[in-house]
Structures are given as C-alpha cells and as structure tokens.
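Survey of secondary and tertiary structure
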Amino acid sequence: MNLEKVIFGFFILLAFTLNFGFVIGQIDIAHQHDVNELFAAIVVNLIATVIKFGDRTQVGALHLATSLVADLQLIAASLVWWNALYITQVGMTPAITTTIVSLSAGALAANLVSVILLIGETLQHRR
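What counts, and at which threshold
- Residues numbered from 1 in each chain as written.
- Predicted model: local features only at pLDDT ≥ 70, side-chain atom pairs only at ≥ 80, totals over all residues.
- Heavy atoms only, no water.
- Patch = residues over 30% accessible without salt bridge, like charges linked within 9 Å, V, L, I, M, F, W, Y side chains within 5 Å.
- Areas by Shrake-Rupley, 256 points an atom, 1.4 Å probe, with all protein chains shown as cover.
- Salt bridge = Lys/Arg side-chain N within 4 Å of Asp/Glu carboxyl O.
- Helix = DSSP H or I, 4+ residues; strand = E, 2+ residues; numbered from the N terminus.
- Expected span 1.5 Å × (residues − 1).
- Buried < 20%, exposed > 50% of the residue type's maximum accessible area, 1.4 Å probe, protein only.
- Phe/Tyr/Trp six-rings, centres within 6.5 Å; stacked < 30°, edge-to-face > 60°.
- UniProt positions renumbered as here; feature names shortened; annotations may be inferred.
- Axes fitted to C-alpha atoms, helices over the stretch in contact; angles between N-to-C directions.
- Parallel < 35°, antiparallel > 145°, perpendicular 65-115°, else oblique.
- Left-handed = near helix turned anticlockwise from the far one by under 90°.
- Contact = heavy atoms within 4.5 Å.
- Nonpolar A, V, L, I, M, F, W, Y, C, P; charged D, E, K, R; others polar.
- Polar contact = N/O pair within 3.5 Å; in protein donor to acceptor, adjacent residues only side chain to side chain.

As recorded in an unreviewed UniProt entry, the protein goes by the name DUF6394 family protein, listed as coming from Deefgea salmonis.

As structure tokens, then:
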C-alpha cells in the first residue's frame, strides 16, 4: 500500500462526497444547501487539484482536467451566491438557488468522472 496513493484517493473521494452532499435536496430550496458544505467542497477540490499536478500520465492529465472543471464550477457557484447576497442583495431566490445547485451539479459530474478514472486506474494495476 502506497501512502501517496491513499491520500490521492482520499481527496478525490472526499471532494466527490462533499459535492454530492451539497447538491442533494430540492434544487430550488436554499435551506437544503449549506454554504459551509459548498465552502468545504471548494477547499477539498482545490487540495485535490494541487495533488493531481504531480501525475504526468495521460490519466493524470484527465484527472487534472476534471479537477479544474470542478474547481471552476464550484467557484462560479460561490460567486453567484456571493453576488446574490452582497452585490445585488436579492437574497436566495429559487432562481439563484437553482443556478448555484446546477453549477455544483456540474462539478459533481466532473468529480464523478475523476472517481471513475481512479477506479479504472486501480483495476488496471496488477500486483
């Protein structure tokens, strides 16, 4: 067992599960989507992105691409949230909440691809 691969897998799976936890719930009801969970998903995704920079393989490039997409989507979701609360001050309307959750669902899709790549890569390794 390689500690580096355990840490790599841990952050990929944690990013996926935090992202899933934020997205789950009715898409237009703000109180079902916690801002702290979105923040945690962003932080863990950024950590996962940094970890993925070391891999120079084709699969590593795909891992990095999925992570960058997830980062972009989650940061966009947080900017929409921030804009609604502090710039336009319209608050968390169903339309704003739907936009935030939709962007986060896009990040969830990217994280799912990353998890599938990790599983596929793991299954290809022979002892």
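So much for the structure itself; the text now carries on.
Before going further, it helps to spend a moment on a nonpolar patch on the surface. Side chains of L46, I75, L79, W82, L85, Y86 and I87 sit close together on the surface and give an oily, nonpolar patch of about 690 Å² of accessible area. The dominant element in the nonpolar patch, judged by the number of residues it contributes, is helix α3 (residues 58-87), at six residues. Mapped onto the fold, L79 is located in helix α3.

The subject of this paragraph is α3. Taking 1.5 Å per residue as the helical rise, α3 with its 30 residues ought to reach 44 Å, and the 42 Å between its terminal C-alpha atoms agrees with that figure. Within the span of α3, buried status applies to G60, H63, L64, T66, S67, A70, D71, L74, A77, W81 and A84. The first or second residue beyond α3 is Q89, which carries a positive phi of 55°.

A ring pair, where both rings are aromatic, is described by two values, the distance of the centres and the angle of the planes. Following the criterion strictly, the structure yields two aromatic pairs and no others. Between F22 and W81, the aromatic rings sit 6.1 Å apart at their centres with planes inclined by 40°, giving tilted as the arrangement. A residue pair is termed long-range when its members are at least 10 positions apart, and F22 in helix α1 (residues 3-23) and W81 in helix α3 qualify at 59 residues. With respect to class, F22 is no different from W81; both count as buried.

Below, the discussion takes up the UniProt feature "transmembrane region" (unreviewed entry) in the protein. This chain's UniProt record puts "transmembrane region" (unreviewed entry) on residues 35-54, 61-84 and 96-119. Along residues 35-54, the helical share is 90% and the strand share 0%, with 30 Å between the first and last C-alpha atoms. With 100% helix and 0% strand, residues 61-84 has end C-alpha atoms that lie 35 Å from one another.

Now for the packing of α1 against helix α2 (residues 35-52). α2 packs onto α1 with a crossing angle of 155° between their chain directions and a minimal axis gap of 9 Å. Classified by the angle their axes make, α1 and α2 are roughly antiparallel. Crossing of α1 against α2: the hand is left-handed. The residues of α2 that touch α1, namely those facing I7, F8, F11, I12, L14, A15, L18, N19, G21 and F22, are E37, L38, A40, A41, V44, N45, I47, A48, I51 and K52. In terms of residue class, the contact of α1 with α2 is built from 15 nonpolar, three polar and two charged.

A separate point is unusual backbone geometry. One non-glycine residue, Q89, lies in the positive phi region at around 55°. In this structure, Q89 sits in the loop between α3 and α4 (94-124).

This next bit is on the side chain of T66. In this structure, T66 sits in helix α3. On the basis of relative accessible area, T66 is assigned to the buried category, the value being 10%. Separated by 2.7 Å, the side chain of T66 and the backbone oxygen of H63 make a polar contact. Residues in contact with T66, not counting those within four places in the same chain, are K52, A110, V113, S114 and L117.

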